[in-house]
Amino acid sequence: MLEFHKQKPKNPSKSDPEKRIKDFQEIYSQFDNKTSVEQSSRCSQCGVPYCQIHCPLNNNIPDWLKYIAENRLEEAYQVSSSTNVFPEVCGRVCPQDRLCEGNCVVEQAGFGAITIGNLEKYLTELAWEKGWVKNIEINSSSKKKVAIIGSGPAGMAASSYLIQNGYHVDVFEKNDRVGGLMIYGIPNFKLDKSIVERRTDWLTNSGVNFHVNKEIGKDLTFQDLEKDYDAILVATGVYKARKLDIEISNINNSLPALDFLIESNKVGLGDTPSSNKYLSAKDKHVVVIGGGDTAMDCVRTAIRQKAKEVTCLYRRNKENMPGSAREVLNAEQEGVKFNWLAVPSKIISEKSEASSLSYKVATLGEADETGRRKPLDTGIEKQIRSDLIIQALGFEPEDLNSHFNTDLELTSWNTVKVDFKRFQTSNPKVFAAGDIVRGASLVVWAIHDGREVAKSIHQFLQSNQIKKAS
Ligand code: SF4
Ligand code: SF4
C-alpha cells in the first residue's frame, strides 16, 4: 500500500469521441488484473478514510482496496458487496469526483485520487464472471408480506434485503420493464441496460416477485395493498418535469428531458420508435436547457442521434454547474456546445413549432441558498436556432395522495414526509424511500435508502412497535 507517490493514477481507457458518438455503447473500458492491483496499492489506508465518509453507502473502501492490492479478489468482493447491493452500477454512475474520489486524501495531497469507482466496477464484473455473485441466501422464513411500489434503485435494493429476511416481496412497476430511471432514464453509454437486467434476473431468481404494467391507483388500489400486505414501501421516484418560466405549453417541439430519454432508451432496448417525430434529435438544431446530469444525458444522446448541432444553455457558468465535471467534459469532447450564463426568455415559434429561442445574457451575483452564485440580468438578449428544445430543469414529485387516494403527510416540497432514521410515513405501516422522500437525487442515495428502509421495515414487522413518525 501507500504506493501513491510511485504509481500514477490511472483510469481505464475511454473510446475516442469520434468513434463513441456513432453508437450508444459504454465509453469506458475496464481495468485488467495488474492495473487494478497497482491502482489499489496507491491507497494510504487512512485511519479516518474520507472516501468512506463521503460515500453515501459508507462502503468500507480501504479494506476492499487492500484486498485487491493483495490479489485477494473474492474477499474484496465480499467486503464491497456487504454494504452495496449494486456496486457495478455505482462504479459506473456515481459522480465520484463529488463523493469518494473527490474526498480521497491522496487527491487532496495533489497525487490524484485512488480510482475507486473503476475498481468497484472491475471487482463486481469479475465477481459476475467468476460466479461469486450468488442468489440471495434467505436467513429466516416469515409469512409476512411486503408490497413495494416502484422498481427503481430504492425499490430494487429494498427488495433484496427484505427477501433475505424471509419476507414475501411483491414489487409493482407501472412501466413495462423493471429498473426505473436505471432502465429508462440513464442512457446506455453510461449504464448498459444488460447490467440492470442482470440484476433484475438475480432478484427474480432469488425470489422477488416483479409485477410490471401495474400502476397503483389504476390497475390496483393502494387500499388493496393495505389490506393484503403487512407493510408497504413507496419508492416511486419523482418524475414530474420542472417547468420553464416562459410560455411553452403549445409548442410541439419543446419536450421534458425524460420523454426524450425514455424514447431513446426504449428504442435502444428494441422497442418500435414512437410516431412522434419530436422525440428524435436527428438532423435538428437541438437546445438543451439545464446544467445537471440529466441535461448532460440529453445532449450526449442528441449527439448520438445525429443532431445537426447540440447546444446546452445554462444560466450560471461552468464552475457553478450542478452536474458532474466528468460528464461535462465527456459532452464537450463529443462536440456539444455550451452557452453559459444564458437564461431563456422567449420561444420564437410559428404554427406551434419553435424555430429559435431567445435568452438573456446573465452575470453572476452573490451565492444563493444552494451555495451557487445567482445569475443576474445584464440586459443583453440573444437568440439561438432551435428546432428541438429539451427542458432538463429537474424533477418534482407528482401528486401522490390524489393518485393513490391516500392522506400521507407531505413536506412543503410535496415529497413524502418521513423521519430519515426509519423512513416511516404518517401511516405506520407505510414506508417511503428514495427520490420520493429526498427529491431528485443520485442513484447511490436511492440504494442507500433501499438498504436502510428494509432494516426499518424488518424491525417494524418483527416488533410492530415502532411508533408513528413525528
Ligand atoms: Fe464511490 Fe459511489 Fe462506490 Fe460509494 S458507491 S465508493 S461513492 S462509487
Ligand atoms: Fe485510501 Fe483515499 Fe480512502 Fe485514504 S481517502 S483510505 S487514500 S481511498
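What you see is a predicted model; the values in this text were computed from it and never measured.

**Thoughts on the site of ligand 1**
Step number 1: Contacts to ligand 1 come from 13 residues, most closely from C55, C94, Q96, C100 and E120.
Step number 2: The residue inventory of the shell around ligand 1, partitioned by class, reads nine nonpolar, three polar and one charged.

**Examining helix 13 (residues 257-268)**
Step number 1: With 12 residues, helix 13 extends 17 Å from end C-alpha to end C-alpha; this agrees with the ideal 16 Å at 1.5 Å per step.
Step number 2: Where the residues of helix 13 are buried, they touch helix 10 (181-184), helix 11 (193-206), strand 6 (254-256), helix 14 (293-304), strand 13 (388-391) and strand 14 (395-396).

**Thoughts on the site of ligand 2**
Step number 1: Taken together, the neighbourhood of ligand 2 is formed by C43, S44, C46, C51, P62, L65, C104, V105, V106, I114 and I116.
Step number 2: Counting residues per element, the ones that place at least two in the shell around ligand 2 are helix 4 (61-69) and helix 7 (105-108).
Step number 3: Its residues assigned to classes, the shell around ligand 2 shows 10 nonpolar, one polar and no charged.

**Focus: the pairing of strand 2 (residues 168-172)**
Step number 1: The buried count for strand 2 comes to four of five residues, which makes it a mostly enclosed element.
Step number 2: Across five bridges, the pairing between strand 1 (residues 145-149) and strand 2 is parallel. Bridge assignment links I149 to a residue of strand 2, and that residue is F172.
Step number 3: At this point the chain moves from strand 1, through helix 9 (residues 153-164), to the parallel strand 2, and the crossover so formed is right-handed.
Step number 4: Pairing of strand 2 with strand 3 (residues 209-211) involves three bridges; the strand directions are parallel. From the neighbouring strand, D170 faces strand 3, where its bridge partner is N209.

**Regarding the packing of aromatic side chains**
Step number 1: All chains considered together, the criterion is met by six aromatic pairs.
Step number 2: A centroid spacing of 6.2 Å and a plane angle of 85° characterise the contact between F172 and Y229, whose relative ring orientation is edge-to-face. Of the two residues, F172 sits in strand 2 while Y229 sits in the loop between helix 12 (222-228) and strand 4 (231-234), which places them 57 residues apart along the sequence. In this structure, F172 and Y229 share a single accessibility class: buried.
Step number 3: With a centroid separation of 5.4 Å and an interplanar angle of 20°, the aromatic rings of F222 and F404 are classed as stacked. Placement of the pair is F222 in helix 12 and F404 in helix 16 (residues 400-404), with a sequence separation of 182 residues.
Step number 4: The class of F222 is buried, set by a relative accessible area of 1%.
Step number 5: Residue classification places F404 among the buried residues on the basis of a relative accessible area of 4%.

**Remarks on the domain arrangement of the protein**
Often, the extent of an interface is quoted as the loss of accessible area upon association of its parts.
Step number 1: Domain boundaries assigned for the protein yield domain 1 (17-21 + 28-130), domain 2 (145-238 + 397-469) and domain 3 (241-391).
Step number 2: Placing the centre of domain 1 and that of domain 3 at their C-alpha centroids yields a distance of 33 Å.
Step number 3: Counting residues at the interface gives 11 residues for domain 1 and 11 residues for domain 3.
Step number 4: For the pairing of domain 1 and domain 3, the buried interface totals around 870 Å² over both sides, and the portion due to carbon and sulfur atoms is 35%.
Step number 5: Contact with domain 3 buries surface across domain 1, with R20, I21 and Y28 losing the most and accounting together for 55% of the total.
Step number 6: Taken together, domain 1 and domain 3 are joined by two salt bridges.
Step number 7: The shortest N-O distance in the salt bridge between R20 and E334 comes to 2.6 Å.
Step number 8: On the surface where domain 1 and domain 3 come into contact, there are seven residue pairs in polar contact (both at pLDDT 80 or more).

Each value, and the rule that gives it
Residues numbered from 1 in each chain as written. Chains lettered and ligands numbered in written order. Predicted model: local features only at pLDDT ≥ 70, side-chain atom pairs only at ≥ 80, totals over all residues. Heavy atoms only, no water. Near = heavy atom within 4 Å. Nonpolar A, V, L, I, M, F, W, Y, C, P; charged D, E, K, R; others polar. Helix = DSSP H or I, 4+ residues; strand = E, 2+ residues; numbered from the N terminus. Expected span 1.5 Å × (residues − 1). Contact = heavy atoms within 4.5 Å. Buried < 20%, exposed > 50% of the residue type's maximum accessible area, 1.4 Å probe, protein only. Pairing = 2+ DSSP bridges. Right-handed = clockwise from strand over helix to strand, strands pointing away. Phe/Tyr/Trp six-rings, centres within 6.5 Å; stacked < 30°, edge-to-face > 60°. Domains from an automatic or database assignment. Buried area = accessible area lost by both parts, 1.4 Å probe. Salt bridge = Lys/Arg side-chain N within 4 Å of Asp/Glu carboxyl O. Polar contact = N/O pair within 3.5 Å; in protein donor to acceptor, adjacent residues only side chain to side chain.

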